[in-house]
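Below are the chains, spelled out letter by letter.
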Amino acid sequence: MNYSPILNAGVETPKLVKNFLLGFLTGLMILIRGAAGYLGSGLADVRADAPIPVWASHLMYSSIHAAVRCSATKENNPLPASDETLITGGKLYLNDCVGCHGEPGKPPSDFGASFYPPAPQFPSVGTAYEEGQVFWIAKHGVRRTGMSAQEFSYADKDLWAVTAFIRRLPKLPPEVLSRIQQHSGSTAEESPK
């Protein structure tokens, strides 16, 4: 008997599909059981004082970026794109964000580097996120990163001002930074001891 896969394709296709699906599901189950066994056995390194493996870092950052892109608002900043908005956001940043994310013109934050993963140092590296995404992160936070939700601490307009400042940080106009730092210095001098 002469066998031709083309002539017998109609007869063999259901069996091939069934075998493929069976093999795929078996492989998937082995992978899931292997991962569960690895994690359940305590072999996963959970130390915060060890460097993050490259594969884990890539997986973590990729999933965070994808979740933020999916969840964040697409709206534009409702505040005017002005120096006053940047100054307002800069004052809030210097009062509340600088400890983890670094201060403009200063070395990176040692405290921010102690987080797992390390807090992004906006003055030196900026951010790849769009304004709506930065706003979403500031408002809702990101689990297991040290970035807590700020929605109960700040009004949306304040979060939008900080967002504008963070997005412009690496290329901030010098006069704006000077005005923010003047205010920061005068506040420290005037505060009661």
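The structure presented is a predicted model; accordingly, all values stated were derived computationally and were not measured. (Residues numbered from 1 in each chain as written. Predicted model: local features only at pLDDT ≥ 70, side-chain atom pairs only at ≥ 80, totals over all residues. Heavy atoms only, no water.)

Engineer: Break down the overall build of the chain for me, with residues and values.
Structural biologist: Along the backbone of the chain there are 9 helices and 0 strands. Each of the 193 residues in the chain was classed as buried or not, and the buried ones make up 28%. In the chain, the share of contacts with a sequence separation of at least 24, taken over all contacts with a separation of at least 6, comes to 65%. In the structure as shown, the chain presents an accessible area of about 13400 Å², 62% of it carried by carbon and sulfur atoms. (Helix = DSSP H or I, 4+ residues; strand = E, 2+ residues; numbered from the N terminus. Buried < 20%, exposed > 50% of the residue type's maximum accessible area, 1.4 Å probe, protein only. Contact = heavy atoms within 4.5 Å. Areas by Shrake-Rupley, 256 points an atom, 1.4 Å probe, with all protein chains shown as cover.)

Engineer: Any chance you could break down the pattern of salt bridges for me, citing the residues and the numbers?
Structural biologist: Applying the stated rule across the entire model yields 4 salt bridges. The salt bridge involving Glu84 is made with Arg179; its shortest N-O contact spans 2.8 Å. With a gap of 95 residues between them, Glu84 in helix 3 (residues 83-96) and Arg179 in helix 9 (residues 174-190) connect regions that are remote in the sequence. Classification of Glu84 as partly exposed rests on a relative accessible area of 44%. Ionic pairing is found between Asp158 and Lys157, a salt bridge with its closest N-O pair at 3.4 Å. According to the relative accessible area criterion, Asp158 is buried, its value standing at 19%. Judged by its relative accessible area of 53%, Lys157 falls in the exposed class. (Salt bridge = Lys/Arg side-chain N within 4 Å of Asp/Glu carboxyl O.)

Engineer: Let's hear about the side chain of Lys139: which residues, and what values?
Structural biologist: Tracing the sequence through the fold places Lys139 in helix 7 (residues 131-140). Residue Lys139 is classed as buried on the basis of its relative accessible area of 18%. A polar contact is formed between the side chain of Lys139 and the side chain of Asp156, at a distance of 3.1 Å. The residues contacting Lys139, other than those within four sequence positions of it, are Ala149, Gln150, Glu151, Asp156 and Leu159. (Polar contact = N/O pair within 3.5 Å; in protein donor to acceptor, adjacent residues only side chain to side chain.)

Engineer: Could you give an account of the side chain of Thr85, naming the residues involved and the relevant values?
Structural biologist: By secondary structure assignment, the location of Thr85 is in helix 3. Look past the residues within four positions of Thr85 in its chain and what remains in contact with it is Leu79, Pro80, Ala161 and Ala164.

Engineer: Summarise the environment of Cys70; cite the residues concerned and give the values.
Structural biologist: As for its position among the elements, Cys70 is in helix 2 (residues 54-71). Taking the C-alpha atoms as reference, Cys70 lies 9.4 Å from Gln133; in sequence the two are 63 residues apart.

Engineer: Give me the lowdown on the packing of aromatic side chains, citing residues and values where you can.
Structural biologist: Pairs of aromatic rings are described using the distance from one ring centre to the other and the angle between the two planes. Enumeration according to the criterion identifies 4 aromatic pairs in this entry. For the pair Tyr93 and Phe165, a centre-to-centre distance of 5.2 Å together with 50° between the ring planes defines the contact as tilted. One end of the pair, Tyr93, is in helix 3; the other, Phe165, is in helix 8 (residues 156-168), and 72 residues separate them in sequence. Classification of Phe165 as buried rests on a relative accessible area of 0%. Seen in terms of ring centroids, Phe135 and Trp160 are 4.1 Å apart; in terms of plane orientation they differ by 5°. Their pairing is stacked. Separated by 25 residues along the polypeptide, Phe135 in helix 7 and Trp160 in helix 8 bring together distant segments of the chain. (Phe/Tyr/Trp six-rings, centres within 6.5 Å; stacked < 30°, edge-to-face > 60°.)

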